[in-house]
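Fold and contact review
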Amino acid sequence: MSEPERVSHFITPYLPQLSGLMTYYAADLTICEALLKLFRDYAERYLAMLDRDQCISLFTSSASLLKHYSEQHCKNRVIHKRSEALEGEFEEEQSYQDILCAIQLLIHLGTKDFTDLCNSSKGVETGQITDLIFFGLQQILPLMTQGLLQYPTLCQMYFSLVGFMVETYPEKLCALPFELFSSLLDSLLFGMSHSDSLVSKSSLQGLASLAKEHLKTHALASHLATKGDIIENCSQRLIQEVIFKPIIWDRLEPSGMALLPLAAIDVQKFIGLVSIISQQLGSDDKQQRMHQAFERLIKPQVLAKVAAEGREGRMVRIQFKNNFDAFVRDIHSFLIVK
C-alpha cells in the first residue's frame, strides 16, 4: 500500500465522526473553519485515489458537515460592508474564510476529472455527485449577497462554482425553490457587470444557460407564475447595465449569447421592452436609430430557431453573433450612457 493510500485508508472511517463534530462545535467559527479546511484539503489532495466506498463516505460526511454548518452560520450571518482600505479589506475577507472553504470544498468535489473517474462501472453515480454539489450550493446561496460578492477571492470562487453548475446542469438550478433561485439569479445579474471579466463571462454564460433551458423545457414556468417579469427584468438589466455600457467590449460575445435566448423566449414582450428603453433616450433621432438597430438585430424567423440542435442551431448562433457585433458598434456610435 502506497503512502497516499494509507492516508485515505486511515481517514475514511473517521470522516463521519469528524463531520459530526460540527454538531457540537457549530457555534465556534474557528472550529467550523478548521473542519471545513480539513475536508477541503483532503478532497483536493486525495480525491483521485479514492475507491467507490471511500467516495461515498466523503460525500455523505461532507453533506452532513455542510448541513450543520449552514444551520448555524448561513441563515443569520451578518455581512459587513467592505472596507475602502486595502489592509482593512484583506482582514475583512479573512473573516469569511469559512465560506470560502465551503465553496472550495464543493468545487473540488464537483471537478470534471472526479466525475469522469467515478463514472466508471465500479464508480459512484454521477447523480450522487451533482446532488451533493447542489445540496451544498443551496446551503451557501442565502449568504451570497452583493455585500459578500464585493470580496474578490470569494467572488471568483463562487462564480467558478456557479458557472460550472449552471452551464452543466441548468435544469437542476431552474428547479430550485423560488427564494433560492431568486438569490442565484440576483448574483448572476450582479456578476454580469463585474469589473473582473472572468466573473462577468461566467455570469453571462449562466444567464444564457437558464434562458436556453426554459426555451427547451419551460423549466422556469413555476417561477414565472410567482414573478412574471423575471425574463423582462433580466433583458432590461443586460441591455442597460452591460450592452449600453463601455464595459461591453471585454464581454461582447457572452453578452450576445445571453441576449439571444432571452429575446427568443417572448419576442413580442422583448420588442415592447425595447420601446420602453428607447423612450428613455430623449431625442427623437436617438429613439429612431435605436429602433432601427434593434429591428436589424431581432429577426423573429431567426429567434424561432434558437432552441434548435445541431447545425441549424449553430448557424443561428453564428448569424446572431455577427449581427450583435454590428449592433453594438452601431449603438455605441451615437449612444452615450452616463
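Everything below is about the structure printed above this text.
These numbers come from a predicted model, not from an experiment.

1. A word on helix 15 (residues 252-265)
Taking 1.5 Å of rise per residue, the 14 residues of helix 15 would be expected to cover 20 Å, and the 21 Å separating its terminal C-alpha atoms lies within 8% of that figure. Residues Leu252, Pro254, Ser255, Gly256, Ala258, Leu259, Leu260, Pro261, Leu262, Ala263 and Ala264 constitute the buried set of helix 15. On the buried face of helix 15, the contacting elements are helix 12 (197-217), helix 14 (230-243), helix 16 (267-279), helix 17 (284-297), helix 18 (300-303) and helix 19 (310-334).

2. Concerning a positive patch on the surface
Taken together, the side chains of Lys212, Arg311, Arg314 and Arg317 define a basic patch exposed on the protein surface. Here the element with the most residues in the positive patch is helix 19; it accounts for three residues. Topologically, Lys212 is positioned in helix 12.

3. Thoughts on the nonpolar core
Counting residues in each nonpolar core, the largest one holds 104 residues, and the members touching the most others are Ile243 and Phe294. Among the elements that line this core, the one with the most residues is helix 6 (residues 97-109), at nine residues. In this view, Phe294 contacts Ile239, Phe244, Phe270, Val274 and Phe327; residues no more than four positions away in its chain are not counted.

4. Focus on the side chain of Ser278
Position of Ser278 relative to the elements: it lies in helix 16. On the accessibility criterion, Ser278 (0% relative accessible area) is buried. Separated by 3.2 Å, the side chains of Ser278 and His291 make a polar contact.

5. Observations concerning the side chain of Ser19
Relative to the assigned elements, Ser19 resides in helix 2 (residues 15-25). Polar contacts involving the side chain of Ser19 include one to the main-chain carbonyl oxygen of Pro16, which spans 2.9 Å. Once residues lying within four places of it in the same chain are set aside, the contact partners of Ser19 are Phe39, Ser61, Ser64 and Leu65.

6. Notes on helix 19
Spanning 25 residues, helix 19 covers 37 Å between terminal C-alpha atoms, matching the ideal 36 Å at 1.5 Å per step. Inspection of helix 19 places Gly313, Val316, Phe320, Phe324, Asp325, Phe327, Val328, Ile331 and Phe334 among the buried residues, and these make up the whole buried set. Check the buried side of helix 19 and you find it contacts helix 14, helix 15, helix 17 and helix 18.

7. Some thoughts on the packing of aromatic side chains
The geometry of two aromatic rings is summed up by the distance between their centres and the angle between their planes. One pass over the structure, following the stated rule, counts nine aromatic pairs. A ring pair is formed by Phe10 and Tyr14, whose centres lie 5.5 Å apart and whose planes are at 45°; its orientation type is tilted. Tyr14 gets classed as partly exposed once you look at its relative accessible area, which sits at 44%. Their ring planes at 75° and their centres at 6.4 Å tell us that Phe134 and Tyr169 sit as a pair that is edge-to-face. On the criterion of sequence distance, the pair formed by Phe134 in helix 8 (residues 126-140) and Tyr169 in the loop between helix 9 (152-168) and helix 10 (170-174) is long-range, its members being 35 residues apart.

Conventions and cut-offs
Residues numbered from 1 in each chain as written. Predicted model: local features only at pLDDT ≥ 70, side-chain atom pairs only at ≥ 80, totals over all residues. Heavy atoms only, no water. Helix = DSSP H or I, 4+ residues; strand = E, 2+ residues; numbered from the N terminus. Expected span 1.5 Å × (residues − 1). Buried < 20%, exposed > 50% of the residue type's maximum accessible area, 1.4 Å probe, protein only. Contact = heavy atoms within 4.5 Å. Patch = residues over 30% accessible without salt bridge, like charges linked within 9 Å, V, L, I, M, F, W, Y side chains within 5 Å. Areas by Shrake-Rupley, 256 points an atom, 1.4 Å probe, with all protein chains shown as cover. Salt bridge = Lys/Arg side-chain N within 4 Å of Asp/Glu carboxyl O. Lys, Arg positive; Asp, Glu negative; His and termini not counted. Charge placed at Lys NZ, Arg CZ, Asp CG, Glu CD. Core = buried A, V, L, I, M, F, W, Y, C linked by side-chain atoms within 4.5 Å. Polar contact = N/O pair within 3.5 Å; in protein donor to acceptor, adjacent residues only side chain to side chain. Phe/Tyr/Trp six-rings, centres within 6.5 Å; stacked < 30°, edge-to-face > 60°.

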